[in-house]
Amino acid sequence: MKYQVELNSNNEIALSDDRCRELNFAVSDILLCEKLDDTAAIVLSKHVDQTLSDAENQTGI
């Protein structure tokens, strides 16, 4: 699936409840953001370990 979105003033991507359901994302999910080379595109995917602590999550593990 591809979507075109704009970052808000805090450089965040707003995801509506409908879009989250469609993508199978929940508010508490740990997501990875990967910038694709030679493009402005990014890929969002769920981290394989959704049990990370806040400290582990903040270090980018």
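Anything mentioned here points back to the structure above.
The numbers attached to residues start from 1 for each chain and follow its sequence in the written order. Reporting of local features is limited, given that this is a predicted model, to residues whose pLDDT is at least 70; pairs of side-chain atoms are given and counted only at 80 or more, and all residues count toward the totals for whole chains, interfaces and linings. For side-chain calculations, the full set of non-hydrogen atoms in the structure is used, while hydrogens and water are omitted.

Chemist: Talk me through the pattern of salt bridges; I want residue IDs and the actual numbers.
Modeler: Within this document, salt bridges are pairs made up of a side-chain nitrogen of Lys or Arg and a carboxyl oxygen of Asp or Glu, the two lying within 4 Å of each other. A complete count under the given rule lists two salt bridges for this structure. Notably, a salt bridge pairs Arg21 with Asp18, separated by 2.4 Å at the nearest N-O pair. Of this pair, Arg21 and Asp18 are both found in helix 1 (residues 17-23), three residues apart, which corresponds to roughly one turn of the helix. Classification of Asp18 as exposed rests on a relative accessible area of 52%. Helix and strand labels come from DSSP, where a helix needs a run of H or I of at least four residues and a strand needs a run of E of at least two; each type is numbered from the N terminus. A 1.4 Å probe rolled over the protein chains alone gives each residue an accessible area, and that area as a share of the maximum for its type sets the label: buried under 20%, exposed over 50%, partly exposed in between.

Chemist: Break down the state of the cysteines for me, citing the residues and quoting the values.
Modeler: Defined simply, a disulfide is a covalent bond joining two cysteines at their sulfur atoms. In what follows, a disulfide is any cysteine sulfur pair within 2.5 Å. Under the defined criterion, the tally for this structure stands at zero disulfides. Here Cys20 stays free of any disulfide, with the sulfur of Cys33 as its closest cysteine sulfur at 13 Å. Here Cys20 falls in the buried class, since its relative accessible area comes to 17%. Cys33 gets classed as exposed once you look at its relative accessible area, which sits at 57%.

Chemist: Tell me what's going on with unusual backbone geometry, and back it up with residues and numbers.
Modeler: With a phi angle near 65°, Asn24 is a residue other than glycine that sits in the positive phi range. When you line up the elements, Asn24 lands in the loop between helix 1 and strand 1 (31-35). When its relative accessible area of 55% is taken as the criterion, Asn24 is described as exposed. For Asp38, which is not glycine, the phi dihedral falls at a positive 55°. Inspection of the secondary structure puts Asp38 in the loop between strand 1 and strand 2 (42-46).

Chemist: I'd like a description of the side chain of Asp29, backed by residues and values.
Modeler: Note that Asp29 resides in the loop between helix 1 and strand 1. At 3.4 Å, the side chain of Asp29 forms a polar contact with the side chain of Lys46. Polar contacts here mean pairs of N or O atoms no more than 3.5 Å apart (in protein, one a potential hydrogen donor and the other a potential acceptor; neighbouring residues in sequence count only if both atoms are side-chain atoms).

Chemist: Explain the environment of Ser45 residue by residue, including any values.
Modeler: Mapped onto the secondary structure, Ser45 falls in strand 2. By relative accessible area, which is 31% here, Ser45 ends up partly exposed. Placed 13 residues apart in sequence, Ser45 and Leu32 show a C-alpha to C-alpha distance of 5.3 Å. When checking whether two residues touch, look at their non-hydrogen atoms; a contact exists if any pair is within 4.5 Å. If we skip the residues at most four places from it in the chain, Ser45 touches Ile30, Leu31 and Leu32.

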